[in-house]
Amino acid sequence: MEEVIKIEGGRKLRGSVRISGSKNSTVALIPAAILGSEPVTIYGVPHISDVNSLTQLLRELGVYVESRSDDTLYIDPRNMENRPMVSHAVSKLRASYYFMGALLGKFGHAEIQMPGGCYLGPRPIDLHLKGFEALGADIKYEHGCYILDAPRLKGNRIFLDISSVGATINIMMAAVFAQGRTVIENAAREPEIIDIATLLNKMGAKIHGMGTSSLVIDGVKDLHGCSHEIIPDRIEAATYILIAAAMAEEMTIENIIPQHLEAILMKLEEIGIDMKVGPDFVKISHTDKPLRPTEIMTKPYPGFATDVQQPFTAILTQCQGQSVVTETIYTERFKHCGELNKMGADIDVRIPSGFVNGPTRLTGTSVVATDLRCGAGLVVAGLMADGVTEIHDVYHIDRGYDNLDGKLQSLGAKIWREPVE
Ligand SMILES: CC(=O)N[C@H]1[C@@H](OP(=O)(O)OP(=O)(O)OC[C@H]2O[C@@H](n3ccc(=O)[nH]c3=O)[C@H](O)[C@@H]2O)O[C@H](CO)[C@@H](O)[C@@H]1O
Ligand SMILES: C=C(OP(=O)(O)O)C(=O)O
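Note on numbering: residues in each chain are counted from 1, in written sequence order. Lettering for chains starts from A, numbering for ligands starts from 1, and both go in the order in which the items are written. The model is predicted, so local features are restricted to residues of pLDDT at least 70 and side-chain atom pairs to those at 80 or more, both for listing and for counting; the totals for chains, interfaces and linings are taken over all residues.

## Focus: the overall build of the protein
Formally: In this description a helix means any DSSP run of H or I spanning at least four residues, a strand means any run of E spanning at least two, and both kinds are numbered starting from the N terminus. Atoms considered for the radius of gyration are the C-alpha atoms alone. The globule rule reads 2.2 Å times the number of residues to the power 0.38. Burial is judged by counting other C-beta atoms within 10 Å of a residue's own C-beta: 20 or more means buried, 12 or fewer means exposed, and anything between counts as partly exposed, with every C-beta placed from the backbone.
Along the backbone of the protein there are 13 helices and 23 strands. In summary, the protein has a C-alpha radius of gyration of 21 Å against a globular reference of 22 Å for 421 residues, a match within 12%. Principal-axis analysis of the C-alpha atoms places the extent of the protein at approximately 65 × 45 × 40 Å. The proportion of buried residues among the 421 residues of the protein is 50%.

See below:
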């Protein structure tokens, strides 16, 4: 049933919130778990719809999947079959493309539809395909479906024109069984890539250089089972830190890795938010000081994450003066600005930048979550706004935020869902 999220804004928030396992890790760890010949247990799995879609896809491949506790997923690929992946679930999320690398690596053959996910402007997968070709795969595109074949993958040196997160992980998954050594140069360095490589190494893979731009994979013959705890979601953490910056009387964001958030924490300090940063938490208290404007430019990790740009823009509407947000990853990722303007913001978008003039009073109205992080930005704005904000297309938000309503309610927010009439 289609639902809207409603938020009655203006309430001060107080208490602690625990950050869940990383979405972008989880959605790659699940396809990676089928690579071995034994079961894998993953701990700290977030309750998000992307996980439901992936679980459905695993079951369609004959993989046994069981939720062993609230956040534990047991994945047993012993009876899996390499079937064409053409169901609706493939197009529900971006990360279904990881089955290309996983199936090609394991079986030498993959058949899969174009993936879905948030529309942020064009999101080509040419670098993934070029990487598979460099390992020896033959690729055809027929009737909306990619068909990849490689009876024997061979290690190679691959230079990525752009340090793509998806291409790095996908090529790494295919390369674990390739004959000889694969080197991915200009590899992405996001923490999620280290997390996937850590799981694969626990399964018996030989991957070195994780977290650097030169990733070395020495092919192995078989992978075994293991268990693995997912890293905390740095984007969810940043979202709650921004919510605290906007509305906290006093709020603690727990189960975080502060090193993963440095670019965001620095920018928050720059605009005047006082924080106490502990080994695995951030505590933010209310400030009456006027907030300063700033300039943000999204960059690959360790730069300012594009996935935090949208909720951060909501805060910038409250700074005194003009802030500038420049997107270098997805230059069209500005749909949230039109929605924030409906609430009273003054943002002028001239791609690839948004010029945010503040402070502006925000008022609740009917808005659309055009994508996942646009939705996060609207939640931050809704919590600050006068009156009730009604957010449509919340299925985008549910792809990436575990128990959003419950976590916010426990902090004192008035947020609820209603069916769409
Ligand atoms: C499931 C997942 O982890 N999603 C994240 C991942 O997406 P995703 O892995 O899709 O993003 P990439 O890192 O691949 O994209 C980075 C840039 O490279 C371009 N590109 C990418 C691949 C390719 O073959 N050709 C190409 O031109 C993209 O259009 C984009 O401009 O990283 C993005 C950038 O941090 C995040 O916003 C997403 O949340
Ligand atoms: C863009 C995102 O996700 P995806 O790549 O899964 O669409 C995101 O998490 O902000």
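## Concerning the sheet that holds strand β20 (residues 353–358)
What counts here: Any two strands are treated as partners once DSSP identifies two or more bridges connecting them. To get an axis, fit a line to the C-alpha atoms, keeping to the stretch in contact for a helix; angles then go from 0 to 180 degrees between the N-to-C directions.
Strand order across the open sheet formed by four strands is β17-β18-β20-β19, with mixed pairing between neighbours. The sheet is open, and its two borders are formed by β17 (295–297) and β19 (346–350), each paired with just one other strand. If you compare each strand with its neighbour and ignore which way they point, the axes differ by 15 degrees on average. As paired strands, β17 and strand β18 (residues 321–326) are joined by three bridges and run parallel to one another. Each bridged residue has a counterpart across the sheet, and for Ile296 the counterpart in β18 is Val325.

## A closer look at the domain arrangement of the protein
Counted only if it meets this: Each domain's extent was defined by an automatic or database domain assignment. Residue pairs are scored as contacts if the distance between their C-beta atoms, which are placed from the backbone, is within 7 Å.
The domains assigned to the protein are domain 1 (3–20 + 232–419) and domain 2 (23–229). Look at where the C-alpha atoms of domain 1 and domain 2 centre, and you get two points 30 Å apart. Contacts between the two partners involve 20 residues from domain 1 and, on the opposite side, 16 residues from domain 2. Sorting elements by how many residues they give to the side of domain 1 that touches domain 2 places helix α12 (residues 395–398) first, with three residues.

## With respect to the UniProt feature "active site" (unreviewed entry) in the protein
Defined as follows: UniProt positions are given in the numbering used here, feature names are shortened, and annotations may be inferred rather than shown by experiment.
The sites that UniProt annotates as "active site" (unreviewed entry) are Cys118. One can find Cys118 in the loop between β6 (109–113) and α4 (126–134). Residue class for Cys118 comes out buried when judged on the 21 C-beta atoms lying within 10 Å of it. Cys118 has contacts with Asp371, Leu372 and His396, leaving out every residue within four places of it along the chain.

## Some remarks on the sheet that holds strand β7 (residues 138–142)
Strand order in the open sheet formed by three strands is β6-β8-β7, with antiparallel pairing between adjacent strands. Edge positions in the sheet fall to β6 and β7, since each of these pairs with one other strand and no more. Averaged over neighbouring strand pairs, the angle between their axes works out to 15 degrees when direction is ignored. Taken together, the five bridges between β7 and strand β8 (residues 145–149) define a ladder with antiparallel strand orientation. Bridge assignment links Asp138 to a residue of β8, and that residue is Asp149.

## A closer look at the pairing of strand β22 (residues 388–392)
In the case of a regular strand, side chains alternate between the two sheet surfaces. Inclusion rule: Whether a crossover is right-handed depends on one test, that the path from the first strand over the helix to the second runs clockwise when the strands point away from the viewer.
Taking every second residue as pointing to the same face, the buried face of β22 carries Thr389 and Ile391, while none of Val388, Glu390 and His392 on the other face is buried. In this structure, strand β1 (residues 3–8) lies alongside β22, joined through four bridges in antiparallel fashion. Paired with Ile7 across the bridge in β22 is Thr389. Across three bridges, the pairing between strand β21 (residues 366–368) and β22 is parallel. Looking across to β22, one finds that Val368 is bridged to His392. Once you follow β21 into helix α11 (residues 372–384) and on to β22, the crossover reads as right-handed.

## Describing the site of ligand 1
Operational definition: As a rule, any residue with its backbone-derived C-beta atom within 6 Å of a molecule or strand is reported as near that molecule or strand. For this scheme, ten residues count as nonpolar: Ala, Val, Leu, Ile, Met, Phe, Trp, Tyr, Cys and Pro. Four count as charged, namely Asp, Glu, Lys and Arg, and the remainder, Gly too, count as polar.
Lining the immediate surroundings of ligand 1 are 20 residues, of which Asn24, Leu127, Ser164, Val165 and Gly166 lie closest. Counting only elements with at least two residues in the shell around ligand 1, the list comes to α1 (23–32), α4, α5 (165–175) and α9 (306–316). Partitioned by chemical class, the residues of the shell around ligand 1 number 11 nonpolar, five polar and four charged. Here the shell around ligand 1 spans two domains, and each of domain 1 (3–20 + 232–419) and domain 2 (23–229) adds at least three residues to it.

## Comments concerning the site of ligand 2
In the region of ligand 2, the neighbouring residues are Leu93, Arg94, Ala95, Gly117, Cys118, Leu120, Asp307, Leu372, Arg373 and Gly400. For the shell around ligand 2, a count of residues per class yields five nonpolar, two polar and three charged. Split by domain, the residues of the shell around ligand 2 number at least three in each of domain 1 (3–20 + 232–419) and domain 2 (23–229).

## Considering the confidence of the model for the protein
Selection criterion: Confidence scores per residue from the predictor, reported as pLDDT, run from 0 to 100.
The share of residues in the protein with pLDDT of 70 or more is 100%, and the mean pLDDT across the chain is 97. If you check the scores for this complex, the pTM reads 0.98 and the ipTM reads 0.99.

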